[in-house]
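# Report on the structure
One letter stands for each residue in the lines below.
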Amino acid sequence: HADWHVDAPANGGMVKLNMTVNYSFRADKVVSLYQKFNGMDGENIVESMVQNSIIAYIKEVTPQFTVMDIYSDKRAEVSQAITEYLDTKLTDEYGINIASALIIDVQLDETLQAKIQAKEQAKQDAEKAELDKQTAIAQGEADKAKAEAEAAVKKIQAEAKAEQTRIAAEAEADANTKLNSSITDELIRMKEAEARLKHGWVTVQGADTVVTKE
């Protein structure tokens, strides 16, 4: 039976349910049911009595759940609870087995709808705020890591430059040391002799030394 509309109470307000109930008459109960209702056929029994019973029993189940349970979070669970309750009740009263009682749609009055929308909006805002927070934290960590990496690179470059300067200074000092150690008195005299031979210099030693060129 499709499109059964039920105005049902729930924890927190009223809900309008659109339901489909799948049922069947038990074969072993058909004769006694026929006799009990004076030959009334199954369709008439459902329309005149069973339907009212189903609506009444649904209203006994729904207050166990909140409006949000029925509207969104636990709709399947609510449907299962209604199915089991109806099956227990209707089997005893009418010899009817309930295969399923499915909530197809749920409507709320304007006040409840506004409250739920406000709640959902608040939830979305909170989730967005948390996401923005995590994004900011991640960006901060990324910026920190980048700054640390750049600082490390600069440090390495500075150390490398300082090392190059040190090596160059050591090389120059070593060269000067080698050069100084190579300049001996003998080398100086040899260079002087070479100069005299090349330029014709004459060195006169005395109180007043005079160097003349021939």
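Higher on the page you've got the structure.
Residues numbered from 1 in each chain as written. Predicted model: local features only at pLDDT ≥ 70, side-chain atom pairs only at ≥ 80, totals over all residues. Heavy atoms only, no water.

Next up on the list: the nonpolar core. Of all hydrophobic cores here, the largest spans 32 residues; its most connected members are Val15, Leu17, Ile70, Ile82, Leu86 and Leu90. No other element matches helix α2 (residues 42-61), which puts eight residues into this core. Apart from residues lying up to four places away in sequence, Ile82 is in contact with Met19, Ile58, Val61, Thr62, Ala101 and Ile103. (Core = buried A, V, L, I, M, F, W, Y, C linked by side-chain atoms within 4.5 Å. Buried < 20%, exposed > 50% of the residue type's maximum accessible area, 1.4 Å probe, protein only. Helix = DSSP H or I, 4+ residues; strand = E, 2+ residues; numbered from the N terminus. Contact = heavy atoms within 4.5 Å.)

Quick look at the sheet that holds strand β1 (residues 4-10) now. Through backbone hydrogen bonds, the strands of a sheet pair up, either in parallel or in antiparallel fashion. Taken in spatial order, the three strands make up an open sheet running β1-β2-β3, and their pairing is antiparallel. Single-partner strands in this sheet number two, and they are β1 and β3 (96-108). Neighbour-to-neighbour, the strand axes of the sheet open up by a mean angle of 40°, direction not taken into account. By the bridge criterion, seven bridges tie β1 to strand β2 (residues 13-25) in an arrangement that is antiparallel. Following the sheet pairing, Ala8 is matched in β2 by Val15. (Pairing = 2+ DSSP bridges. Axes fitted to C-alpha atoms, helices over the stretch in contact; angles between N-to-C directions.)

Position of Thr62 among the secondary structure elements: in the loop between α2 and α3 (67-73). Of the residues examined, Thr62 reaches a relative accessible area of 0% and is grouped as buried.

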